[in-house]
Amino acid sequence: MTSLGRTTKVDQVYEYLLQEMVNLNYRAGDRIIINQIAKACGVSEIPVREALRRLESDGYVRIVPNQGAVALGLDKEMLIDMVQVKGVLEGFATRLSVDYLSRNDLAQLRQINLKLQEAAKEGDHKAFSELNQKFHMTIYAPIPRKGLTTMISDLWDKYQVTKRIFSVAPNMMEQSYHEHERILELIEQREYNEVERYVREHKFKAMASWALSDAASVL
């Protein structure tokens, strides 16, 4: 995992290829030519090879001996599985957070959500995506079950493609801002069951929006 604010050449290539897949510039079975990617990213072939190994580990490409890297494609079942796993874990983590979030924590979360609203108004899906992750991970931060929060953090990293939801379904940004407000209300009201259900549905709804978008319709 890369430290906040530090981006390596491998990270840059990884992000580039992942976005290319989200934009459907690579479909299942397409070969990924290393020297072409190196040229497009302005790097040598070494970070491209490392990025491809990481993409293979995360399930986005397959490296075939004597053939190179082949895209596996993004099908709806794969995307749904990703979001369902994250939704269940994050719903449970939010339930646990009710007993640990302080007034200061809730005030900080509302400040993050205001920034999310600004990003939505500006149509800045990249900033929105980063702030969205920060919002949810800030909710989980006080939970003493660090194994759970580490697992969720690892899933955010492994399933980075789900962070592109707002680039293919920008209408979700304003809606997510309002849903975040409701999540904070439920936490303050100590509605354990309801906040767990609501966060799970919040995650699933984002996936449904992606599935209905033009970009996903041709997967």
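Residues numbered from 1 in each chain as written. Predicted model: local features only at pLDDT ≥ 70, side-chain atom pairs only at ≥ 80, totals over all residues. Heavy atoms only, no water.

## Let's talk about the packing of helix 6 (residues 125–140) against helix 7 (residues 146–158)
Turning to step 1, where the next piece is worked out: Close contact between helix 6 and helix 7 brings their axes to 10 Å; oriented N to C, the two are set at 170°. Between helix 6 and helix 7, the angle falls in the class roughly antiparallel. For the pair helix 6 and helix 7, contact is made by N132, Q133, H136, M137 and Y140 and by T149, I152, S153 and W156, respectively.
Turning to step 2, where the next piece is worked out: Considered class by class, the residues forming the contact of helix 6 with helix 7 number four nonpolar, five polar and no charged. (Axes fitted to C-alpha atoms, helices over the stretch in contact; angles between N-to-C directions. Helix = DSSP H or I, 4+ residues; strand = E, 2+ residues; numbered from the N terminus. Parallel < 35°, antiparallel > 145°, perpendicular 65-115°, else oblique. Contact = heavy atoms within 4.5 Å. Nonpolar A, V, L, I, M, F, W, Y, C, P; charged D, E, K, R; others polar.)

## A closer look at the pairing of strand 2 (residues 61–64)
Regular strands show a simple pattern: their side chains alternate between the two faces of the sheet.
Turning to step 1, where the next piece is worked out: The pairing of strand 2 with strand 3 (residues 68–71) spans four bridges and is classified as antiparallel. Each bridged residue has a counterpart across the sheet, and for V64 the counterpart in strand 3 is G68. (Pairing = 2+ DSSP bridges.)

## Some points on the packing of helix 1 (residues 9–22) against helix 2 (residues 34–41)
Turning to step 1, where the next piece is worked out: Where helix 1 contacts helix 2, the two axes come as close as 11 Å, and the packing angle between them is 110°. The angle between helix 1 and helix 2 places the two elements in the roughly perpendicular class. Two secondary-structure elements touch here, helix 1 through V13, Y16 and L17 and helix 2 through I37, A40 and C41.

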